[in-house]
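Chain by chain, the residues run as shown.
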Amino acid sequence: MVPRIVLIALLLAGCGAKDDDRGATLRADVVGQQASETGAPRRVIAAATQVGLTGFDGAGQVVPGLASSWRIADNGLSVIFRLRTRTWPDGKPVTASDVVASFRRAAQPGSRNPLRELLIGFENGAAVLSGARPASALGVGAPVDNVVEVRLAGAMPHLLALLAEPEFAVTRPGIRPPPLGPFRVGDSATVPIMLTRNPAWTPSPKVTLAAIALNPVEDPGIAVARFARDRTDIVLGHGLAGFGDARLLAASNALHVEPAWAVYGYLANTARGPLADARVRRALSMAIDRDDLGSRLFGVALPPVLGLVPPLPSERVPMLPDWAIATPAARLDLARQLLAAAGFSAATPLTVTISLPVAREHAMVATEIAADWERIGVTTRTITRPDALQAQVIARGDYELALVERSGVDSPMAFVLPFTCAAKLAGYCNPAADALVNSAATTSDPVAQAATLSLAEAAMIADAPFIPLFAPVRWTLVAHRVTGWTSNAAGHHPLALLGIEGGAGPKP
């Protein structure tokens, strides 16, 4: 097996003439698994080929999608969307009933929509998500063919942005739903996946690209090397993996780094083993020195996170654990006391194992954390796994600690819901916290809702089912000939809205 760094070097040093046959095709490498139904490549394809009630422009702002306009009624608990005239590829009109059916499929039990749980904010959302009521009870209706009403259970200030996410595009059922967006998929079994212009696309903004050649790449180092050799126009990073390679191998003016609405940390198995004891989990979390961790490892500030929710525009004051006000020395002393109370000492030392995806950035962070834990007498082992196997391990609960990078919309709810009992994270369940989450979802006063959700987060933080580290960055490599790229905090960069300088670029 060729070592990874050698493989990257070979790619950089490879020979061969560059194809000079020019055409308006954007070559995009997306870090992630092609086979993953919920991964980055599939989201990029959905964003280019499908449309929701709302959408995002190139600056990450919410704009009309299938809905030409909307108005808010009933003190914010009803949002009424008026649909623009659109047709499916078979010529049939897109109706409000199509929109309702799409939401019901996303909400029903068994749906694999990764944002499904956020529908808890819809009327009857909690009951539908739990299976207590049918999907037809979800608060989405079609009073007439061109009007959709979304009825909410409580305040949902992030609704319009949520509906613009690719996961809530309006689709017909099926493995390959017909496209309503500016592009359509060719043969998705080949690489690169070719997206060509949808001849039925008419809405603004104008799309200038003739095609997008989408190349899913599991190893981010290979994607960076391809960019350095001018084999791709853009690389969309996925989390922290590959960021170190991007900084080392790519020109500085090509690297775009944005803060992400995300949190990086270790899920703890609360069902069995030493981490079933909350004292052990709390000791591990408080022993970590998060300050300047990003600067030391990657030359960029990574905001420390001590709770479940990362820094968000809508979340001004973070919820902190009770030990956050203690000095570093006091934290270490308290951590040692907690471990001793849990039965661990120099005579009976604790060893923990972290399951990591394969990326040197993850290994670098784990090494720093292991050094912190060594100060309280804890030994750390790491196991690296391909992304697909890491996901399976987490789904089965077959880990002690497992790295996750959880991203979401600008709502604390998105980061609290994964720790409710319904999420079934390796045995963790706090019914009292769940009751607070459900209460927050049905609270119409945004201030009261935020306060209730903070109480829920505080109860979960006390249990420490997750050891947060920091808010990771989002990185992208963009060639100078690509036009229309605008950095934005939301991290939305629809490829369909980009262009090639002069209207052309090298073919894939």
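(A) Region of interest: the overall build of the chain. Within the chain, the secondary structure is distributed over 15 helices and 22 strands. Sorting the 508 residues of the chain into buried and exposed places 52% on the buried side. Across the chain, the fraction of contacts at a sequence separation of at least 24, relative to all contacts at a separation of at least 6, is 71%. Working note: accessible area of the chain is about 21,700 Å², and carbon and sulfur atoms make up 56% of it. Measuring between centres, the 45 positive side-chain charges of the chain sit 5 Å from its 43 negative side-chain charges.

(B) How the structure looks around the state of the cysteines. Summed over all chains, the structure comprises one disulfide. Covalently, Cys 421 is tied to Cys 429 through a disulfide, its sulfur atoms 1.9 Å apart. Judged by the sign of its S-S torsion, about 85°, the bond between Cys 421 and Cys 429 is right-handed.

(C) Inspection of the packing of helix H14 (residues 431-441) against helix H15 (residues 446-463) at higher detail. Interaxial distance between H14 and H15 falls to 8 Å at its minimum, and their mutual angle equals 160°. When the axes of H14 and H15 are compared, the pair comes out roughly antiparallel. The handedness of the crossing between H14 and H15 is left-handed. Contacts between H14 and H15 involve Ala 433, Asp 434, Leu 436, Val 437, Ser 439, Ala 440 and Ala 441 from the former and Gln 449, Thr 452, Leu 453, Leu 455, Ala 456, Ala 459 and Met 460 from the latter.

(D) Spatial organisation of the packing of aromatic side chains. Taken as a whole, this structure holds seven aromatic pairs when the rule is applied. Here the aromatic rings of Phe 103 and Phe 122 are separated by 6.0 Å at their centres, their planes lie at 40°, and the arrangement is tilted. Residue Phe 103 is found in helix H3 (residues 96-107), and its partner Phe 122 is found in the loop between H3 and helix H4 (125-130); the two are separated by 19 residues along the sequence. Relative accessible area serves as the criterion here: at 0%, Phe 122 is assigned to the buried category. Between Phe 243 and Phe 298 the ring centres are 6.3 Å apart and the planes differ by 65°, which places this aromatic pair in the edge-to-face class. Of this pair, Phe 243 sits in helix H7 (residues 243-249) while Phe 298 sits in helix H9 (residues 293-298), and the two are 55 residues apart along the sequence.

(E) Spotlight on empty space enclosed by the protein. As enumerated under the stated definition, the model contains two cavities of 30 Å³ or more in all. By volume, the largest cavity is sized at about 70 Å³. Surrounding the largest cavity, 13 residues form its lining, Ser 285, Leu 306, Ile 461, Ala 464 and Phe 466 being those nearest its centre. Elements with a minimum of two residues in the lining of the largest cavity: helix H8 (278-286), H15 and strand S18 (466-470). Split into classes, the residues belonging to the lining of the largest cavity amount to 10 nonpolar, two polar and one charged. If you add up the space inside the second largest cavity, you get close to 30 Å³. Considering the residues around the second largest cavity, the lining is formed by Glu 315, Pro 412, Val 416, Ala 450, Leu 453, Ser 454 and Glu 457. The biggest single contributor to the lining of the second largest cavity is H15, with four residues. When grouped by side-chain class, the residues that make up the lining of the second largest cavity number four nonpolar, one polar and two charged.

(F) Seen up close, helix H2 (residues 40-49). Burial analysis of H2 places seven of its 10 residues in the buried class, the great majority of the element. Turning to H2, its buried residues number three or more, namely Ala 40, Pro 41, Val 44, Ile 45, Ala 46, Ala 48 and Thr 49. Packing partners of the buried residues in H2 comprise strand S2 (25-31), strand S9 (183-185), strand S10 (193-197), strand S11 (211-217) and strand S12 (234-236).

(G) The sheet that holds strand S6 (residues 78-83), seen in detail. Spatially, S5-S6-S8-S7 is the arrangement adopted by the four strands of the open sheet, whose pairing is antiparallel. Two strands in the sheet have a free side with no partner beyond their single neighbour: strand S5 (67-73) and strand S7 (140-144). Taking the axes of each pair of neighbouring strands and ignoring which way they run, one obtains an average angle of 25° across the sheet. The pairing of S7 with strand S8 (residues 147-151) spans three bridges and is antiparallel. Looking across to S8, one finds that Val 140 is bridged to Val 150. Across the face of the sheet, H3 comes into contact with S6, S7 and S8 while running at roughly 170° to S7.

(H) Inspection of helix H10 (residues 328-341) at higher detail. Its 14 residues give H10 an end-to-end C-alpha distance of 20 Å, which sits within 8% of 20 Å, the value for a rise of 1.5 Å per residue. Listed in full, the buried residues belonging to H10 are Arg 331, Leu 332, Ala 335, Leu 338 and Leu 339. Down the axis of H10, the sector holding all buried residues measures 125°, keeping them to one side. Here the buried face of H10 lies against H8, strand S15 (350-357) and strand S16 (378-385). One or two residues past the end of H10 sits Gly 343, with phi positive at roughly 100°.

(I) Here's a closer look at the nonpolar core. Ranked by size, the top nonpolar core spans 146 residues in total, and within it Phe 103, Phe 122, Tyr 266, Val 365, Trp 373, Leu 401 and Leu 495 carry the most contacts. Considering every element that reaches this core, the biggest residue donor is H3, with six residues. Apart from the residues lying within four places of it in its own chain, the contact partners of Trp 373 are Tyr 266, Leu 284, Ala 287, Ile 288, Val 352, Ile 354, Val 378, Thr 380, Leu 401 and Ile 467.

(J) Representation of the sheet that holds S11 in the model. In space, the seven strands of this open sheet follow the order S9-S10-S11-S2-S12-S19-S13, with mixed pairing throughout. Both outer strands of the open sheet, S9 and strand S13 (255-259), are each paired with one neighbouring strand and no more. When strand polarity is set aside, the average angle formed by the axes of neighbouring strands in this sheet is 25°. Relative to S10, S9 runs antiparallel, the two being bridged by three bridges. Its bridge partner being in S10, Phe 183 is matched across the sheet by Arg 197. This element, helix H6 (residues 220-228), spans S2, S11, S12 and strand S19 (473-478) of the sheet and lies at about 30° to S19.

Cut-offs applied
Residues numbered from 1 in each chain as written. Predicted model: local features only at pLDDT ≥ 70, side-chain atom pairs only at ≥ 80, totals over all residues. Heavy atoms only, no water. Helix = DSSP H or I, 4+ residues; strand = E, 2+ residues; numbered from the N terminus. Buried < 20%, exposed > 50% of the residue type's maximum accessible area, 1.4 Å probe, protein only. Contact = heavy atoms within 4.5 Å. Areas by Shrake-Rupley, 256 points an atom, 1.4 Å probe, with all protein chains shown as cover. Lys, Arg positive; Asp, Glu negative; His and termini not counted. Charge placed at Lys NZ, Arg CZ, Asp CG, Glu CD. Disulfide = S-S within 2.5 Å. Axes fitted to C-alpha atoms, helices over the stretch in contact; angles between N-to-C directions. Parallel < 35°, antiparallel > 145°, perpendicular 65-115°, else oblique. Left-handed = near helix turned anticlockwise from the far one by under 90°. Phe/Tyr/Trp six-rings, centres within 6.5 Å; stacked < 30°, edge-to-face > 60°. 1 Å grid on protein atoms, 1.4 Å probe; cavity = no way out; pocket = protein on both sides within 12 Å on 5 of 7 lines; lining within 4 Å. Points joined across faces, edges and corners; volume = space filled by probe spheres on them. Nonpolar A, V, L, I, M, F, W, Y, C, P; charged D, E, K, R; others polar. Pairing = 2+ DSSP bridges. Expected span 1.5 Å × (residues − 1). Arc of directions from axis to C-beta. Core = buried A, V, L, I, M, F, W, Y, C linked by side-chain atoms within 4.5 Å.

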